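Residues per chain are reported as follows:
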Amino acid sequence: MSPASPGERSDNRSPWTRLLRSGAVRRLSIVLGPVAVLALYFTVPLAEAEMGAIGRLIATVIALLALAFALLRVRRTDTNLPLLVLTFVLVAATFSAIFFVVSANNPNEFDGIVTRIDALYFTLTTMTTTGYGDIVAIGQVGRLLVSAVFVFDLVFLGLFATELSRLVGRHRHEASTADGE
């Protein structure tokens, strides 16, 4: 390795550290986080019949490790958008799991939630304010949970709009600074 010239910075980090801090790993972690959350949603035992499945438990541990890695990497980006996307997916998976468990234990709370896919579908149509009406909250607990999703949506949209505004402002500032040189 040749010595660094006066204007260059010497990189004495290990190859492993350089790999972990590379752009490719950062881009991978942006995708890995939401995928890990969905893997957790579909593998974590939620129903009583799923509690003894060792394969599900192993998959859950693997997905948790992938999520932890992604969280550590995503927080080191120059924008909060990847973290916001991960938060959206994490909250959607959490509400889906809650809706699934509540519906499985008290069928009078939701009309139409039978599977995890039903719960995820209901959560996403609620979070995106699409709401087709094929699955509805009919009990008080279900309606309270759906109301919590509405509140999250308002907060999330505000954070998302703020981050987009910050990025546009930064881009304009950088463009005007480059033009002024």
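Each value, and the rule that gives it
- Residues numbered from 1 in each chain as written.
- Predicted model: local features only at pLDDT ≥ 70, side-chain atom pairs only at ≥ 80, totals over all residues.
- Heavy atoms only, no water.
- Helix = DSSP H or I, 4+ residues; strand = E, 2+ residues; numbered from the N terminus.
- Buried < 20%, exposed > 50% of the residue type's maximum accessible area, 1.4 Å probe, protein only.
- Contact = heavy atoms within 4.5 Å.
- Salt bridge = Lys/Arg side-chain N within 4 Å of Asp/Glu carboxyl O.
- 1 Å grid on protein atoms, 1.4 Å probe; cavity = no way out; pocket = protein on both sides within 12 Å on 5 of 7 lines; lining within 4 Å.
- Points joined across faces, edges and corners; volume = space filled by probe spheres on them.
- Nonpolar A, V, L, I, M, F, W, Y, C, P; charged D, E, K, R; others polar.

Student: Explain the overall build of the protein chain residue by residue, including any values.
Tutor: Scanning the protein chain from terminus to terminus reveals six helices and two strands. Taking all 181 residues of the protein chain together, 31% fall into the buried category. For the protein chain, long-range pairs separated by at least 24 residues make up 67% of all intrachain contacts whose partners lie at least 6 apart in sequence.

Student: Could you give me a rundown of the pattern of salt bridges, with the residues and numbers involved?
Tutor: Scanning the model with the defined rule gives two salt bridges in all. In this structure, the salt-bridge partner of Arg170 is Glu174, at a minimum N-O distance of 4.0 Å. With Arg170 and Glu174 both in helix 6 (residues 140-179) and four residues apart, the pair spans about one turn of that helix. For Glu174, a relative accessible area of 46% gives the class partly exposed.

Student: Lay out the layout of surface pockets in plain terms, naming residues and giving numbers.
Tutor: Each pocket or cavity is described by its volume, and for the largest pocket that value is around 150 Å³. Around the largest pocket sit 11 residues that line it, and Val37, Leu40, Tyr41, Val44 and Ala93 are the ones nearest its centre. Broken down by secondary-structure element, the contributors of at least two residues to the lining of the largest pocket are helix 2 (23-43), helix 3 (54-74) and helix 4 (81-105). Here the residues of the lining of the largest pocket are counted per class, giving nine nonpolar, two polar and no charged.

Student: Before we move on, can you summarise the environment of Ile117 with the specific residues and values?
Tutor: Mapped onto the elements of the fold, Ile117 is located in helix 5 (residues 116-127). You can call Ile117 exposed: its relative accessible area is 51%. Separated by 75 residues in the primary sequence, Ile117 and Phe42 have C-alpha atoms spaced 8.9 Å apart.

Student: Give a description of unusual backbone geometry that names residues and reports values.
Tutor: With the exception of glycine, the majority of residues adopt a negative phi angle, and the majority of peptide bonds are in the trans configuration. The backbone of Thr129 sits at a positive phi, close to 55 degrees, despite the residue not being glycine. Structurally, Thr129 is set in the loop between helix 5 and strand 2 (136-137).

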